[in-house]
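Residues per chain are reported as follows:
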Amino acid sequence: MEAILKKELGTSTLRATGGAGGGCISEGQSYDTDTGRVFVKVNRKSQPKAKLMFEGEKAGLEAILQTSTVRVPRPLKVIELSSGGAVFVMEHLDMRSLNRFSAQLGEQMADLHLHNQGLREKMIKEEQTIACPGKGPGHSEVQYVEKFGFHTVTCCGYIPQENDWQSDWVTFFTQQRLQHQLNLIEKDYNDKEARDLWPQLQRKIPQLFSEVEVIPALLHGDLWGGNVAESGEGPLVFDPASFYGHSEFELAIAGMFGGFSSSFYTAYHNKIPKAAGFDKRLKLYQLFHYLNHWNHFGTGYRGSSLRVMKDLLK
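Note that the structure is predicted; figures quoted are calculated from it, not measured.

Engineer: Help me out: how do you make sense of the overall build of the protein in this one?
Structural biologist: Helix and strand content of the protein: nine helices and 11 strands. A principal-axis box enclosing the C-alpha atoms of the protein has dimensions of 60 × 50 × 40 Å. Burial status across the protein gives 50% buried among its 314 residues. In the protein, of all internal contacts separated by at least 6 residues, the share reaching a separation of at least 24 is 64%. Within the structure as shown, the protein displays about 14600 Å² of accessible surface, and the carbon and sulfur contribution to it stands at 46%. Distance between charge centroids for the protein: 3 Å, based on 35 positive and 36 negative side chains.

Dropping the structure here:
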């Protein structure tokens with residue numbers, strides 16, 4: 001792998017440093033090169049292909065970078081390995097656990113979620129034509145995105161997300177998030193209780209959005225304590241599963257696995273106050289993550305998934 005990295009990065013120096021890490025999906029290692037230090041993620045999965053997963057992560061980081069709201073590592077290159085899998089090279093950042101900058105992260109995540117809305121307001125003010133969504137890298141001017149989805153596949157964990165553009169958020173979330181996860185559960189587990197509960201819940205979901213207008217917001221998509229950190233300058237986020245969706249979706253997994261102090265939520269909601277029905281919709285969004293964990297890690301998450309479905313039907 002080091003020979004490939006040297007060639008692709010155009011460096012004669014490639015020296016591993018002490019900056020190593022890893023999670024449930026990929027492993028990482030920092031290297032010194034001729035032009036500075038980089039961080040390299042490695043994943044040797046072939047199905048779904050690691051390259052697809054890393055290309056989606058790269059696109060998410062690029063999209064967040066363009067908003068100039070919250071700091072992320074600058075993505076450099078995705079490289080396919082001939083032995084199987086892929087590597088993702090990005091800017092090395094010195095990170096430590098989020099502590100001092102929790103409130104600032106709350107403010108910056110709200111700014112990220114409001115960014116597309118700000119473009120919409122500017123567009124209306126200037127009476128410009130709405131741009132087609134899904135402009136990829138290479139377009140210097142960030143334009144308003146009017147639909148829900150993303151211009152490429154992104155993965156939450158290693159499961160590819162269906163990001164085809166939809167005009168209606170309820171349709172997008174119901175079909176391309178919950179239905180997709182439940183289809184995988186049906187295929188692998190043939191779970192009768194989940195299968196029976198889903199049609200009942202599906203009929204009820206539109207009611208949860210009767211009092212709220214959803215404007216597409218660029219999301220990190222997997223914002224939990226393991227994907228946030230801070231440096232000496234401020235907070236940062238990484239490992240996105242980005243798409244344009246409802247800003248409330250972002251807060252779901254944060255509440256499931258901790259990692260965020262009250263100062264984060266206070267700062268966030270000072271900029272984006274809770275709308276009517278917020279708490280019940282948050283449960284709905286957490287259902288996606290429980291189902292996703294069931295599909296990743298097995299039936300240990302079955303009970304939580306079914307409990308949330310039943311709670312939403314009350």
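Engineer: How should the packing of helix H4 (residues 169-189) against helix H5 (residues 192-204) be read in this particular structure?
Structural biologist: When two helices pack together, you describe them by how their axes are tilted relative to each other and by the distance separating the axes. Two elements in contact, H4 and H5, have axes separated by 11 Å at closest approach and are oriented at 165°. Taken together, the axis directions place H4 and H5 in an arrangement best described as roughly antiparallel. Crossing hand, H4 versus H5: left-handed. The segment H4 lies against H5, with Thr 174, Leu 178, Gln 179, Leu 182 and Glu 186 engaging Ala 194, Arg 195, Trp 198 and Gln 202.

Engineer: Could you clarify how one ought to interpret empty space enclosed by the protein in this entry?
Structural biologist: Rolled over the atoms, a probe sized like a water molecule indicates the empty space that remains. According to the stated counting rule, one finds one cavity of 30 Å³ or more in the structure shown. In this structure, the largest cavity occupies an estimated 30 Å³ of space. With three residues, helix H3 (residues 102-126) is the largest single contributor of residues to the lining of the largest cavity. Of the residues assigned to the lining of the largest cavity, the class counts are four nonpolar, four polar and no charged.

Engineer: Hey, could you run me through helix H8 (residues 278-297) in this one?
Structural biologist: Note: α-helices contain 3.6 residues per turn, so residues at a spacing of three or four share the same orientation. The terminal C-alpha atoms of H8 lie 28 Å apart, and with 20 residues this matches the ideal 28 Å at 1.5 Å per residue to within 8%. The element H8 is largely enclosed, with a buried count of 16 among its 20 residues. Just downstream of H8, Gly 298 is the residue with a positive phi angle, here 100°.

Engineer: What exactly am I supposed to notice about the domain arrangement of the protein here?
Structural biologist: How large an interface is tends to be reported as the accessible area lost when its parts come together. Along its sequence, the protein is organised into domain 1 (1-92) and domain 2 (101-313). Between the C-alpha centres of domain 1 and domain 2 the distance comes to 25 Å. Of the roughly 2100 Å² buried at the junction of domain 1 and domain 2 (both faces included), carbon and sulfur atoms supply 73%. Sorting the residues of domain 1 by area buried against domain 2 places Thr 69, Val 70 and Arg 71 first, and these three jointly supply 24% of that buried surface. Between domain 1 and domain 2 we count two salt bridges in total. Across the domain 1-domain 2 interface, the total number found is two residue pairs in polar contact (both at pLDDT 80 or more). No other element matches the 12 residues that helix H2 (residues 50-67) contributes to the side of domain 1 that touches domain 2. Split into classes, the residues belonging to the side of domain 1 that touches domain 2 amount to 12 nonpolar, five polar and five charged.

Engineer: Help me understand unusual backbone geometry in this model?
Structural biologist: A negative phi angle is the norm for most residues apart from glycine, just as the trans form is the norm for most peptide bonds. Backbone geometry at Asn 190 places phi at a positive 50°, although glycine is not the residue there. Relative to the helices and strands, Asn 190 is located in the loop between H4 and H5. Phi is positive for Asp 239, which is not a glycine, with a value near 50°. Residue position: Asp 239 is located in the loop between strand S10 (235-237) and strand S11 (243-245). Residue Asp 239 is classed as partly exposed on the basis of its relative accessible area, which comes to 25%.

Cut-offs applied
- Residues numbered from 1 in each chain as written.
- Predicted model: local features only at pLDDT ≥ 70, side-chain atom pairs only at ≥ 80, totals over all residues.
- Heavy atoms only, no water.
- Helix = DSSP H or I, 4+ residues; strand = E, 2+ residues; numbered from the N terminus.
- Buried < 20%, exposed > 50% of the residue type's maximum accessible area, 1.4 Å probe, protein only.
- Contact = heavy atoms within 4.5 Å.
- Areas by Shrake-Rupley, 256 points an atom, 1.4 Å probe, with all protein chains shown as cover.
- Lys, Arg positive; Asp, Glu negative; His and termini not counted.
- Charge placed at Lys NZ, Arg CZ, Asp CG, Glu CD.
- Axes fitted to C-alpha atoms, helices over the stretch in contact; angles between N-to-C directions.
- Parallel < 35°, antiparallel > 145°, perpendicular 65-115°, else oblique.
- Left-handed = near helix turned anticlockwise from the far one by under 90°.
- 1 Å grid on protein atoms, 1.4 Å probe; cavity = no way out; pocket = protein on both sides within 12 Å on 5 of 7 lines; lining within 4 Å.
- Points joined across faces, edges and corners; volume = space filled by probe spheres on them.
- Nonpolar A, V, L, I, M, F, W, Y, C, P; charged D, E, K, R; others polar.
- Expected span 1.5 Å × (residues − 1).
- Domains from an automatic or database assignment.
- Buried area = accessible area lost by both parts, 1.4 Å probe.
- Salt bridge = Lys/Arg side-chain N within 4 Å of Asp/Glu carboxyl O.
- Polar contact = N/O pair within 3.5 Å; in protein donor to acceptor, adjacent residues only side chain to side chain.

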